[in-house]
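Letter by letter, the chains look like this.
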Amino acid sequence: MMPMYKKILLKLSGEALMGSDAFGINQETISNVVTEIQEVIDLEVKVAIVIGGGNLFRGVAPAASGMDRATADYMGMLATVMNALALQDEMRRKGMNSRVQSAINIAQVAEPYIRGKAMRHLELNRIVIFAAGTGNPFFTTDTAAALRGREMNVDIVVKGTKVDGVYSEDPEKNPKATRYPKISFDEAIVQKLAVMDATALTLCRDQRLPICVFSILKKGALKRVVLGDDEGTFVHN
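Residues numbered from 1 in each chain as written. Predicted model: local features only at pLDDT ≥ 70, side-chain atom pairs only at ≥ 80, totals over all residues. Heavy atoms only, no water.

Enquirer: Would you mind showing me how to read the packing of helix α6 (residues 141-151) against helix α8 (residues 198-206) here?
Expert: Axis angle and axis distance: for two packed helices, these are the angle between their axes and the distance between the axes, and together they describe the pair. Between α6 and α8, the least distance of the axes is 8 Å, while the angle of their chain directions is 15°. The angle between α6 and α8 falls in the class roughly parallel. The handedness of the crossing between α6 and α8 comes out as left-handed. Residue-level contacts link Asp142, Thr143, Ala146 and Leu147 of α6 to Thr199, Ala200, Leu203 and Cys204 of α8. A class-by-class count of the residues in the contact of α6 with α8 yields five nonpolar, two polar and one charged. (Axes fitted to C-alpha atoms, helices over the stretch in contact; angles between N-to-C directions. Helix = DSSP H or I, 4+ residues; strand = E, 2+ residues; numbered from the N terminus. Parallel < 35°, antiparallel > 145°, perpendicular 65-115°, else oblique. Left-handed = near helix turned anticlockwise from the far one by under 90°. Contact = heavy atoms within 4.5 Å. Nonpolar A, V, L, I, M, F, W, Y, C, P; charged D, E, K, R; others polar.)

Enquirer: Mind showing me how you'd approach the pairing of strand β3 (residues 98-102) here?
Expert: Looking along a regular strand, one sees the side chains alternate between the two faces of the sheet. Within β3, four of the five residues are buried, leaving the element largely enclosed by the surrounding structure. Judged from the five bridges that link them, β3 and strand β5 (residues 127-131) form a sheet pairing that is parallel. Looking across to β5, one finds that serine 102 is bridged to alanine 131. By the bridge criterion, two bridges tie β3 to strand β4 (residues 111-112) in an arrangement that is parallel. Note that in β4 the partner of serine 102 across the bridge is proline 112. (Buried < 20%, exposed > 50% of the residue type's maximum accessible area, 1.4 Å probe, protein only. Pairing = 2+ DSSP bridges.)

Listed below in structure tokens is the structure:
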């Protein structure tokens, strides 16, 4: 099997690591996610990852509701670092070679983000996990995924969530909502579909970097995306 994409940026939502828990990291779920990534590595695909922090930040969100926005965003960045370390540890257990790079200085636990070093890790077939978003408040990890994807010269950004694609409406609220197999960036932006935030979508559109939204919890879905099968929703120019 020949993969359609040789280098990918996997955007993992923090919520995808919760499993059936209210918040936090579900060990079985993170193990399953790493197994999905391993299947792609076995195809000799180079993988970079940007991870969110919603699963951990959700537990402190009520207390953060009255906080200064920048302070709350920095707290969210720290949550992504914790997720990145948990992901790296599970990869280590499975014999996978990975590095965590953080956009904020936290040298005791992660490398600082250095583009050239990250690209070298990928050349050496190491998985690079980017933590702390862009390192700036007011920007989401979706934007970080678009930015790092372009910086790493990946072929596609694949967004792994709990939902198996982009729908006309929220499928949890409307079971009759339809999944889009393909959609253009402009259509997604105009219709305000839940693909990524507008900044990330615009950046990917302008840089001609396609996106695929799929369920990371669906067994074999990531591998099918990389092989070019009809999985999730493909967003393109």
